[in-house]
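Residue-level listing of the chains:
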Amino acid sequence: AATKSDGGRSGSIVAPLVENEEEVQKIDVNPPKGTRDFAPDDMRLRNWLFNHFKEVSRLFGYEEVDYPVLETEALFIRKAGEEIRDQLYCFEDRGNRRVALRPELTPSLARLVIQKGKSVSLPLKWFAIGQCWRYERMTRGRRREHYQWNMDIIGVPHVTAEAELISAIVSFFKRIGITASDVGFKVSSRKVLQEMLRKYGVPENLFGRVCIIIDKIEKIPIDEIKKELESTGISEDAIEQLLQVLSVKSLDDLEDVLGGAGEAIADLKQLFSLAEKFGYSEWIQFDASVVRGLAYYTGIVFEGFDRKGNLRAICGGGRYDRLLPTYGGDDIPACGFGFGDAVIVELLKEKNLLPELGQEVENIVCALEKDLQGAAATVATALRSKGQTVDLVLESKPLKWVFKRAARINARRLILVGKTEWEDGSVSVKVLSSGEQFQVKLNDLE
Ligand SMILES: Nc1ccc(Br)nc1
């Protein structure tokens, strides 16, 4: 017998979807491991978050850009031992091309800037919100995708650029109710390490690798860090001095170690002075141990952290002046940050700052009789053409059902299309919050 396509709810008989029952293959209705669905409630929170990202980016005068989630694998192949490389979600496509789901957005930005060449005027101030991927053995049960908000300034060599980026993130935090008591930014400069490595004659080409090893300083035992540093050929004495400088607690102490002539001190002093002018001094602190885990940073680096210390870094960024030339591009300075969509939600939950976001519809329109369904469609269309949101009841339903749905979708008004009123071109309106009820000509309904 033919299988009813809707499980028999409608009573109509339609051709079966499959030749016979054996062909039905029960699928796993969960999303792939490490990925998320966004059902309406989740999507409302995501849109709320992303709208704040976009509004801050707009306030700062940044232009939105986007790139393919799929890139050539080569864009992400860096030899500095980064975790992001170890977890690259890469594969060979049907054209035997090595491709990868992007683990971050900055390489795509660099690619597009190079592609645009002289057709764009510097400085560029771009922002993007994009899904990024990693392939991690599920042993750790972590997510394999997240959305990242990025803001980048291309073509400004001065620390004013990094200072502006931090100001943008502070603006975002303030908009969602997060204060300087909740979070802070640890700020340092990779020029600290660079100047130390030069002092000990360590070859420049080891810089990225050394930074990636040192970034793990709070994640693996210090002996492991020393062993990995020794494997690069750095002397034990240099390693001791390096680790020593990372525990320096103030810019003055740093100046004692590095001397006052270096760029690291100059950049950091200027950044802290600009923080005063941007009005976010209470949000930032010098922390020499911040190096961040991306090999391409070359100067100021910063990361947002929760002061209670319960969560992973909320966001992070810095200057990456050498990235474009590594892809064959011009020697254009750049800096930017990435801000993930997951840790911030954990922080908002912890601070009880999650917004209450229910569905909201202005009108629910319902025909009181079957043969007025067309009239109800006319009423719904008239309201929608005036920019009013309408949930149109699409089949004959008892009024009790309609009232329950109206409550569930948080409708402000119930518009009933009845025979007598409709003959007069009118409908009946019930304001659900007050119970007020009146009749009105359709043309006067707004
Ligand atoms: N890079 C990256 C990508 C995806 C996730 Br989840 N975390 C970090």
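Before going into details, it helps to say that this report is about the structure given with it. (Residues numbered from 1 in each chain as written. Predicted model: local features only at pLDDT ≥ 70, side-chain atom pairs only at ≥ 80, totals over all residues. Heavy atoms only, no water.)

1. A short note on empty space enclosed by the protein
Gaps left between atoms are located by rolling a probe of water-molecule size over the structure's atoms. Inspection of the entire model under this criterion finds 1 cavity of 30 Å³ or more. In this model, the largest cavity occupies a volume close to 30 Å³. Every element with two or more residues in the lining of the largest cavity is listed here: β5 (124-133) and β6 (145-154). For the lining of the largest cavity, the element with the most residues is β5, which contributes 3 residues. (1 Å grid on protein atoms, 1.4 Å probe; cavity = no way out; pocket = protein on both sides within 12 Å on 5 of 7 lines; lining within 4 Å. Points joined across faces, edges and corners; volume = space filled by probe spheres on them. Helix = DSSP H or I, 4+ residues; strand = E, 2+ residues; numbered from the N terminus.)

2. Things to note about the packing of helix α7 (residues 222-231) against helix α8 (residues 236-246)
Two elements in contact, α7 and α8, have axes whose closest approach is 10 Å; the angle formed by their N-to-C orientations is 130°. Relative to α8, the element α7 lies oblique. Here α7 runs over α8; the crossing is right-handed. Residues I222, I225, K226, L229 and E230 of α7 form the contact with α8, whose own contacting residues are E236, I239, E240 and L243. The class makeup of the residues in the contact of α7 with α8 is 5 nonpolar, no polar and 4 charged. (Axes fitted to C-alpha atoms, helices over the stretch in contact; angles between N-to-C directions. Parallel < 35°, antiparallel > 145°, perpendicular 65-115°, else oblique. Left-handed = near helix turned anticlockwise from the far one by under 90°. Contact = heavy atoms within 4.5 Å. Nonpolar A, V, L, I, M, F, W, Y, C, P; charged D, E, K, R; others polar.)

3. Thoughts on the sheet that holds strand β3 (residues 89-92)
The strand order β2-β4-β3 describes an open sheet built from 3 strands, whose pairing is antiparallel. One side of each edge strand has no neighbouring strand; the edge strands of this open sheet are β2 (70-72) and β3. Pairs of neighbouring strands in the sheet enclose a mean axial angle of 35°, with direction left out of account. Of the pairings in the sheet, the one linking β2 to strand β4 (residues 98-101) comprises 3 bridges and is antiparallel in character. Bridge pairing in β4 links L70 to L101. (Pairing = 2+ DSSP bridges.)

4. Quick look at the sheet that holds strand β13 (residues 390-392)
Taken together, the 5 strands give an open sheet; going across it, the order is β13-β12-β14-β15-β16, and neighbouring strands pair in mixed fashion. Of all strands in the sheet, those bounded by a partner on one side alone are β13 and β16 (437-441). The average undirected angle you get between the axes of adjacent strands in this sheet is 25°. Note: strand β14 (residues 411-417) against strand β15 (residues 426-431), 4 bridges, orientation antiparallel. Of the residues in β15, the one forming a bridge with L416 is S428.

5. Quick look at the packing of aromatic side chains
Going through the model one piece at a time under the given rule, you end up with 19 aromatic pairs. Consider the rings of Y89 and Y135, whose centres lie 5.2 Å apart with planes at 85°: the pair is edge-to-face. One end of the pair, Y89, is in strand β3; the other, Y135, is in the loop between β5 and β6, and 46 residues separate them in sequence. Given a relative accessible area of 25%, Y89 falls into the partly exposed group. (Phe/Tyr/Trp six-rings, centres within 6.5 Å; stacked < 30°, edge-to-face > 60°. Buried < 20%, exposed > 50% of the residue type's maximum accessible area, 1.4 Å probe, protein only.)

6. A closer look at the pattern of salt bridges
Summed over all chains, the structure comprises 31 salt bridges. With a shortest N-O distance of 2.7 Å, D41 and R44 are connected by a salt bridge. Linking D41 with R44, this pair stays in helix α1 (residues 40-59), spanning 3 residues, or about one helical turn. The partly exposed category is assigned to R44, whose relative accessible area is 24%. A salt bridge links E71 to R111, with the shortest nitrogen-to-oxygen separation between them at 2.8 Å. Of this pair, E71 sits in strand β2 while R111 sits in helix α3 (residues 106-116), and the two are 40 residues apart along the sequence. On the basis of relative accessible area, E71 is assigned to the buried category, the value being 6%. Residue classification places R111 among the partly exposed positions, given a relative accessible area of 28%. Overlapping salt bridges, with partners in common, bring together R36, E145 and D341 in one network. (Salt bridge = Lys/Arg side-chain N within 4 Å of Asp/Glu carboxyl O.)

These results come straight from atomic positions and should not be treated as a statement about function.
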